[in-house]
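# Structural characterization, general
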Amino acid sequence: MQDQSEFLKAIAGDDIEARFNAWRGAAAQDSNVVAPLLGLAESPKPGVAKAAAEALTTMVHSAGQDPKDPRRAPLVKALLLRPKPLTFRLLSLIADDFHAPLIAHNLRSPELREEVVYCLERIPGAAAEKALIAGYADAANDFKPRILAALGHRKSADALPLCLEAMKSTNPDIAWAASRAFGRIGKQVNHRFPSLDTWNEWQKTDVLDAQLRYADSQAASGNAVEAVNIYKQFLDRPEEHWQCAAIVGLGKISNAEAATAIYPKLKSPNRKVQITARQVWQELAKA
């Protein structure tokens, strides 16, 4: 193992092979090298910057394989003392729920907030979710959709009240992100998706997808009535792919009401819709 000074000299040097060997062996270094490596990761020399970042990643991956690894806690502490974008990318791999409030404090920084959310989104536990929900209130409007997306990816049931309120926002980007998150979370609550009129075509597609995700979740949890009602709305849409998606969803429910909804599509003028309906109908008949 290289001593610390030799290791950092190799990372910062011009010898490509020495830099590579140093970062490959970085797992043997202790947390004292974190601060200088973070500095070198911002070097104007691309090779040095990459070597420093890779060395940090090697250290984190090595310590992160075992939650009980004694190297883990010192690494987290050293990283928390140096808040940089790379810091939170690395912390997302080894930080615990205990550290979530300390990490969330950096949500206020425009330069760091994206990586902070990335980090919190990946830390398991209630504290990380609470930190994201709490951070939403003080977030700038242009960043609230990112926090909503993180809560949706986590399928955070605690975020449902926030999503329902945000779905009523007059800001179309916030309402769109809240609708997407609500669909991903998929828990049954009294709700109403916003009108599609305020969004561009890409956002409309996202929100329609969110509605289908919600319907799929209801079907999977046994709430067939709610799911069928949503699928029926998609059967009335002009786009063939939405009709086909609804038919497939109804086929999975496989009850009398679902079969009744599918039946008219056996004679659809759209060939793809008709074929999908026939295939699902045949599966229903087998069942």
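You'll find the structure just up there.
Structural notes, computed from the coordinates. Residues take numbers from 1 onward in each chain, read along the sequence in its written order. Whole-chain, interface and lining totals are the exception, using all residues; otherwise, since this is a predicted model, local features are given only for residues with pLDDT of at least 70 and side-chain atom pairs are given and counted only at 80 or more. The side-chain quantities take in all heavy atoms of the structure and omit both hydrogens and water.

## Quick look at the overall build of the chain
Keep this limit in mind: Secondary structure follows DSSP: runs of H or I at least 4 residues long count as helices, runs of E at least 2 residues long count as strands, and numbering of each begins at the N terminus. Here the globule rule reads 2.2 Å times residues to the power 0.38, and the radius of gyration is calculated from C-alpha atoms. Contacts: residue pairs with any heavy atoms within 4.5 Å of one another. Where accessible areas are quoted, they stem from the Shrake-Rupley method and a 1.4 Å probe; at the residue level, only the protein chains shown are allowed to cover.
Summing up its helical and strand segments, the chain has 17 helices and zero strands in all. Taken over C-alpha atoms, the radius of gyration comes to 25 Å for the chain, far larger than the 19 Å a tight globule of 287 residues would show. Dimensions of the chain, computed from C-alpha atoms along their principal axes, come out at roughly 75 × 40 × 35 Å. Looking at the chain alone, contacts between residues at least 24 apart form 56% of all its contacts between residues at least 6 apart. Carbon and sulfur atoms provide 52% of the accessible area of the chain, an area that totals close to 15,100 Å².

## Thoughts on helix α2 (residues 16–24)
The line we're drawing: Partly exposed residues are those whose accessible area sits between 20% and 50% of the maximum for their type, while under 20% is buried and over 50% is exposed, using a 1.4 Å probe and protein chains only. Note that the arc is defined by the directions from the helix axis to the C-beta atoms. Contacts described as polar in this section are N or O atom pairs within 3.5 Å, which, within protein, must combine one atom able to donate a hydrogen with one able to accept it, while residues neighboring in sequence count only if both atoms come from side chains.
If you check which residues of α2 are buried, you get Arg19, Ala22 and Trp23. End-on view of α2: buried residues confined to an arc of 90°, all on one side of the axis. Summarising the geometry of α2, the exposed residues directed more than 90 degrees from the buried face are Glu17 and Arg24. Buried residues along α2 sit in contact with α1 (4–12) and α4 (46–64). Regarding α2, its N-cap is Asp15, as a side-chain oxygen of that residue lies 3.1 Å from the backbone nitrogen of Glu17 further along.

## Notes on the pattern of salt bridges
Note the following rule: We define a salt bridge as a contact between a side-chain nitrogen of Lys or Arg and a carboxyl oxygen of Asp or Glu at a distance within 4 Å.
Within the structure shown, the criterion is met by 17 salt bridges. In this structure, Lys50 engages Glu54 in a salt bridge whose closest nitrogen and oxygen atoms are separated by 3.2 Å. Of this pair, Lys50 and Glu54 are both found in helix α4, four residues apart, which corresponds to roughly one turn of the helix. Judged by relative accessible area, which is 46%, Lys50 ranks as partly exposed. Between Glu240 and Lys272 there is a salt bridge, with its nearest N and O atoms 3.4 Å apart. Remark: Lys272 occurs in helix α17 (residues 271–286) and Glu240 occurs in helix α15 (residues 240–253); sequence separation between them is 32 residues. The exposure class assigned to Glu240 is partly exposed, which follows from its relative accessible area of 27%. You can call Lys272 exposed: its relative accessible area is 52%. Here the salt bridges do not stand alone but share partners, grouping Glu114, Glu121, Arg122 and Arg146 into one network.

In short, the description is geometric, and any link to function would need to be established separately.
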